[in-house]
Every structure is written in structure tokens, then in C-alpha cells.
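The primary structure of each chain is shown beneath.
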Amino acid sequence: MKAGRAPDVRILSGAALDAALDDVARLRMAVFHSYPYLYDGDLGYERRYLQTYRDSPGAIVVGAFDGARLVGASTGAPLEDHADDFAAAFADQGLPLTDIFYCAESVLLPEYRGRGVGHAFFDEREAHARALGRQISVFCSVQRPADHPLKPQGYAPLDAFWRARGYAPLPGVVANFRWKDIDADAETDHPLQFWMRRLESD
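Thresholds applied
Residues numbered from 1 in each chain as written. Predicted model: local features only at pLDDT ≥ 70, side-chain atom pairs only at ≥ 80, totals over all residues. Heavy atoms only, no water. Helix = DSSP H or I, 4+ residues; strand = E, 2+ residues; numbered from the N terminus. Rg over C-alpha atoms; globule rule 2.2 N^0.38 Å. Buried < 20%, exposed > 50% of the residue type's maximum accessible area, 1.4 Å probe, protein only. Areas by Shrake-Rupley, 256 points an atom, 1.4 Å probe, with all protein chains shown as cover. Core = buried A, V, L, I, M, F, W, Y, C linked by side-chain atoms within 4.5 Å. Contact = heavy atoms within 4.5 Å. Pairing = 2+ DSSP bridges.

Draft legend 1. Structural context of the overall build of the protein chain. Counting secondary structure elements, the protein chain contains five helices and seven strands. Relative to the compact-globule value of 17 Å for 202 residues, the protein chain shows a C-alpha radius of gyration of 16 Å, a close match. On the principal axes, the C-alpha backbone points of the protein chain span a range of 45 × 40 × 35 Å. Counting over 202 residues, the protein chain shows a buried share of 44%. With the model as given, the accessible surface of the protein chain reaches about 10,200 Å², and the carbon-plus-sulfur share is 50%.

Draft legend 2. Spotlight on the nonpolar core. Formed by 58 residues in total, the largest nonpolar core has its most connected members in Tyr53, Phe90, Tyr102, Val138 and Phe194. The residues touching Tyr53, leaving out its near neighbours within four places in the chain, are Leu17, Ala59, Ile60, Val61, Thr75, Gly76, Ala77, His82, Ala104 and Glu105.

Draft legend 3. Here's a closer look at the pairing of strand S4 (residues 100-108). Counting buried positions over the nine residues of S4 gives eight, a clear majority of the element. In this structure, strand S3 (residues 69-78) lies alongside S4, joined through six bridges in antiparallel fashion. Across the sheet, the residue bridging to Pro78 is Phe101, located in S4. Looking at chain direction, S4 and strand S5 (residues 136-142) are connected through three bridges and run parallel. Within S5, the residue paired with Phe101 across the bridge is Ser137.

In C-alpha cells:
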């Protein structure tokens, strides 16, 4: 691909989705291996996890392609599809899960970043959420200590990008997920802070 040219972003469904899911799993493992997730991935787990997006009628999977090669992917689903994981985090917020759309992962290979794909991923998922009648969009980001030993020099979080999209952290709304870090021997809990924006004003 020519330098600076954006990948082709399109929604995946049916046979195209089935064909892409293993590539989405490998992308998740590759991108989340880096800081701040430091995820030591497992393809079997990834396949089971991504089954949600095949089974849920309200889910969306968006792919970014360089020719036929999948170089990025983004997913989302109604929050109640993830109720077992997230219900406790939202228990005291007074927000019905059925009003909320969950923007899950956005993964993109480093050499394709800075070309507008991140915005395209959010645009597609938020449009899908509105079409489902959802009033709220959320996602979550892993929290790491400022002095984490594997934090790269010059690392900059995506907070400014997310705020520019209209999102803000939800105070106290934190989920805990378990996975194995690349420098660990076993799975440990990781706090994930939820961010939210309301969609009805658009």
C-alpha cells in the first residue's frame, strides 16, 4: 500500500465474517501483545471469544483491508451480550444495559495507524448502535501503573483521541478481567476503566 493511503474499511458479515474470524483472532493476539495490554494470547480462547460476534444478531465486526489482507478489525455488540462480565460494573449507575452499546476492541497493525482508520471504526460502530436504538456507547481501557516496568519510553495513551470522539471516563465504573501477561506465569486480574458518550445528540 502506498504511504499515507488508508486501508479499505468495511463491515463483515455472513461468509466474509466467518472467513475473517481467525485473522481477527491473530490480530488481537499481535496488537494486544504490546503495552498496555501485554496479553499472552491463546488462539483457542480467541476463537471462543469471537464466537459472540458470530452469534449475536446485534453485533458488528468491521475490517480494515490492504488488498485482501486484514490489517485491522473492530467489534461491538449490545452490552447485554456481555452482561456476565460487565453487569457488576454498571450496577449502581442507573443505566439500563439495554440502552448501551459496547464498542469492544479496535486493533490495527502499527504501520497502518495515523490514516483515519480509528475514526472509521468508531463511525461504523456508533452508526450501528444508533440503528439499534442505543442511546449510549461505551468502551473500556486497561489501567496500568505509571511506573510499569514494560511501559515503553515515550508511550502516549489514546485519551486525547477518545475525548475528541466525545467520550469521557465513567467514575468508578471499572471491570476486572483476567489474562496472562507476557511477563507472568499465570493469569491475573486487570482493571478496565469504562468510557462513555451519549449518542442521541447526533
